[in-house]
Amino acid sequence: MNIPSELKYTKDHEWVKIEGDIATVGITDFAQGELGDIVYVEVETVDETLDKEEVFGTVEAVKTVSDLFLPLSGEIVEFNEALEDEPEKVNSDPYGEGWMVRIKLSDPSEADELLSDEDYKALIGG
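All values reported here derive from a predicted model rather than from experimental measurement. (Residues numbered from 1 in each chain as written. Predicted model: local features only at pLDDT ≥ 70, side-chain atom pairs only at ≥ 80, totals over all residues. Heavy atoms only, no water.)

### A few points about unusual backbone geometry
- The backbone of Asp47 sits at a positive phi, close to 75°, despite the residue not being glycine.
- The class for Asp47 is exposed, based on a relative accessible area of 57%.
- Residue Glu53 is not a glycine yet carries a positive backbone phi of 75°.
- One can find Glu53 in the loop between β5 (49-50) and β6 (55-61).
- Under the relative-accessibility criterion, Glu53 is labelled partly exposed at 46%. (Buried < 20%, exposed > 50% of the residue type's maximum accessible area, 1.4 Å probe, protein only. Helix = DSSP H or I, 4+ residues; strand = E, 2+ residues; numbered from the N terminus.)

### So, the side chain of Thr28
- For Thr28, the location among the structural elements is in the loop between β3 (22-27) and α1 (29-35).
- Within the structure, Thr28 has its side chain in polar contact with the side chain of Tyr120 (distance 2.8 Å). (Polar contact = N/O pair within 3.5 Å; in protein donor to acceptor, adjacent residues only side chain to side chain.)

### Regarding the environment of Asp117
- Structurally, Asp117 can be placed in helix α4 (residues 117-123).
- Exposure remark for Asp117: the relative accessible area of 12% places this residue in the buried category.
- Sequence spacing of Asp117 and Leu72 is 45 residues, and the spatial spacing of their C-alpha atoms is 17 Å.
- When sequence neighbours within four positions are dropped, the list of residues in contact with Asp117 reads Ile3, Pro4, Ser5, Leu7 and Tyr9. (Contact = heavy atoms within 4.5 Å.)

### Digging into the UniProt feature "domain: Lipoyl-binding" (unreviewed entry) in the protein
- Look at the UniProt record and you will see "domain: Lipoyl-binding" (unreviewed entry) annotated at residues 22-104.
- Secondary structure content for residues 22-104 is 18% helix and 42% strand, and the end C-alpha separation is 5 Å. (UniProt positions renumbered as here; feature names shortened; annotations may be inferred.)

Encoded structure:
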């Protein structure tokens, strides 16, 4: 299972890459594997400011729909529009072309509460 060490993780199986005051967010390799074939990603919260752990969208797989929880508070400044036509990128490249949103952080210190790659491996029993 792919768990890049340079990323941070949440108990909700999302990954976070922080660059300055912008965080890129997606779901982990483990999460996409559990969901199965992803057929739709919906994010209607672009330009909205949300608190950590609020729902910012949904991901729909063949058999289920799951909420996406914001790992850090901030304004959603970008949605990966490539997922509108190719949601399967979340399955094939969850840490690259399958990213979901970018957030302008309102409280960068919240990142201290995210899981390291080792903590996330322990969480999923890896």
